[in-house]
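Per-entry structural report
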Amino acid sequence: MSRKTYAMAVRDTIADEMRRDERVFIMGEDIEVLGGVFGCTRGLAQEFGSERVRNTPISEAAFVGAGLGAACTGMRPIVELMYMDFTFVAMDQILNQVAKTRYVFGGKARIPLVIRGQQGIGRGNAATHSQSVESIFMHFPGLKVACPSTPADAAGLLRTAIRDDNPVMFFEHKALYSSRGEVPDDPEFMIPFGQAAIRRGGRDITIVANLLYVSRALEAAEQLSAMGIEAEVIDLRTLVPLDSETVVESVKKTGRLLVVHEAHRTAGWGAEIAAMVTEKAFRYLKAPPLRLGALPCPLPFALNLENVATPQVADIIKACQEACQYKEI
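Model, not experiment: these values are computed from the prediction. (Residues numbered from 1 in each chain as written. Predicted model: local features only at pLDDT ≥ 70, side-chain atom pairs only at ≥ 80, totals over all residues. Heavy atoms only, no water.)

Considerations on the packing of helix α8 (residues 212-226) against helix α12 (residues 313-325)
The line we're drawing: A fitted line through C-alpha atoms serves as each axis, taken over the contacting stretch for helices, and the angle formed by two N-to-C directions is quoted from 0 to 180°. Strands here mean DSSP runs of E at least two residues long; helices mean DSSP runs of H or I at least four residues long; both are numbered from the N terminus. Convention used here: angles under 35 degrees read as roughly parallel, angles over 145 as roughly antiparallel, angles from 65 to 115 as roughly perpendicular, and any remaining angle as oblique. Handedness of a helix crossing follows the sense of rotation of the near helix relative to the far helix, less than a right angle counterclockwise being left-handed and clockwise being right-handed. Throughout, a residue-residue contact means that at least one pair of heavy atoms, one from each residue, lies within 4.5 Å.
With their axes 9 Å apart at the nearest point, α8 and α12 run at an angle of 55° to one another. Taken together, the axes of α8 and α12 are oblique relative to one another. Classified by chirality, the crossing of α12 by α8 is right-handed. Judged by residue contacts, R216, A217, E219, A220, Q223 and L224 of α8 engage V313, I316, I317, C320 and Q321 from α12.

What follows is the structure in structure tokens.
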């Protein structure tokens with residue numbers, strides 16, 4: 001085991017996979033010399049050369065499309081987007097081409113393409129550089145969606161993504177890049193998709209979160225414990241495939257559900273979790289499922305306003321208290 005930052009876990013995993021398989025290469029803006037997003041490609045060009053660490057023009061539609069073409073012809077590309085907000089300028093490529101190519105070729109085409117990059121709050125990057133957009137990609141069949149919350153998960157899930165023969169949308173949170181944790185040194189360390197992690201056990205309420213909000217949920221759970229409320233915290237890790245069994249079994253035990261995410265509350269992935277639990281565990285519920293998410297407004301530049309627009313630890317605590325005081329339904 002080595003103690004690494006989230007960013008270095010990403011970087012080292014990419015390097016390991018490039019050493020293991022010469023078909024793996026990476027392309028994106030400013031990745032060759034400047035080291036890409038938070039240094040996640042730093043030093044790779046010196047080891048692997050510019051053919052496998054390829055700087056691109058500022059055209060996400062072009063290099064996502066190039067990634068798809070490379071994947072179709074047997075390569076295993078990683079496409080780094082400077083911000084996952086920029087997926088919007090490549091939506092035709094991602095949703096109509098990347099997601100559907102295996103289907104339209106009857107499963108004969110393999111599309112081992114990873115599209116990864118940063119998203120989220122914490123640095124005052126404002127309305128077009130701070131969004132959490134993972135919910136959108138759950139809606140379109142053909143894409144897998146990964147959201148690591150720890151350095152170990154960043155390594156294990158990314159290795160799984162790179163070796164997958166299907167396209168993977170890989171969301172990294174900018175506020176997590178400097179976080180540190182133990183990461184296995186094993187170059188075969190992989191975390192299966194569709195396997196949530198119970199980060200904290202509890203009996204009174206289930207909190208489901210991803211990315212930055214796993215740590216916020218754990219902080220809230222610690223404070224709730226001092227108030228006599230024991231919250232179980234589940235980190236989904238991947239949204240597609242989704243580990244519904246772990247969530248449902250937890251709610252059957254606790255009888256209460258709170259889903260908290262940074263994505264906008266309206267039509268966020270929390271609504272899917274709430275609907276799933278209502279369908280599969282309704283008779284176990286002691287209170288209505290609750291959701292927390294960003295307010296329906298563009299994300300502000302000012303950090304104090306950004307905090308108002310997104311759920312805070314105090315909001316998680318309040319929602320859990322309300323659920324636990326609810327008269328059984």
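Description of the pattern of salt bridges
Heads up, the rule is: Each salt bridge in this description consists of a side-chain nitrogen of Lys or Arg and a carboxyl oxygen of Asp or Glu lying within 4 Å of one another. Exposure classes here rest on a 1.4 Å probe applied to the protein chains alone. A residue is buried below 20% of its type maximum, exposed above 50%, and partly exposed in between.
The full count for this structure, using the stated rule, is 24 salt bridges. In this structure, R23 engages D21 in a salt bridge whose closest nitrogen and oxygen atoms are separated by 2.8 Å. We classify R23 as partly exposed; its relative accessible area is 37%. What you see here is one network of salt bridges that share partners, running through D16, E17, R19, R20, E47, R159, R163 and E188.

Brief notes about the side chain of R76
In plain terms, the rule: Two N or O atoms form a polar contact when they lie within 3.5 Å of each other; inside protein one atom must be a possible hydrogen donor and the other a possible acceptor, and for residues adjacent in sequence the pair counts only when both atoms belong to side chains.
If you trace the backbone, R76 turns up in strand β4 (residues 76-81). According to the relative accessible area criterion, R76 is buried, its value standing at 8%. A polar contact is formed between the side chain of R76 and the side chain of D165, at a distance of 3.0 Å.

Overview of the sheet that holds strand β6 (residues 144-146)
For clarity, the cut-off: Two strands are said to pair when DSSP picks up at least two bridges between them.
The mixed open sheet is built from seven strands, whose spatial order is β3-β2-β4-β5-β7-β6-β12. Looking at which strands have only one partner, the edges of the open sheet turn out to be β3 (53-55) and β12 (238-240). Averaged over all pairs of adjacent strands, the angle between strand axes in this sheet comes to 20°, irrespective of strand direction. Note: β6 against β12, two bridges, orientation antiparallel. What sits directly across from A146, in β12, is T238.

Some remarks on the layout of surface pockets
Note the threshold: For cavity detection a 1 Å grid was placed over the protein atoms alone, and a set of points counts as a cavity when a 1.4 Å probe fits there but cannot get out; an open set counts as a pocket when protein lies on both sides within 12 Å along at least five of seven lines, with lining residues being those that have an atom within 4 Å of a point. Grid points are joined across faces, edges and corners, and a volume is the space filled by probe spheres set on the points. Under the scheme applied here, ten amino acids are nonpolar (Ala, Val, Leu, Ile, Met, Phe, Trp, Tyr, Cys and Pro), four are charged (Asp, Glu, Lys and Arg), and all others, including Gly, are polar.
Within this model, the largest pocket holds a volume of roughly 190 Å³. Taken together, 14 residues form the lining of the largest pocket, with S132, V133, S135, I136 and H264 sitting closest to its centre. The set of elements that each furnish at least two residues to the lining of the largest pocket consists of α6 (134-138) and β13 (257-264). When residues of the lining of the largest pocket are assigned to their parent elements, the largest contribution, three residues, is made by β13. Its residues assigned to classes, the lining of the largest pocket comprises seven nonpolar, six polar and one charged.

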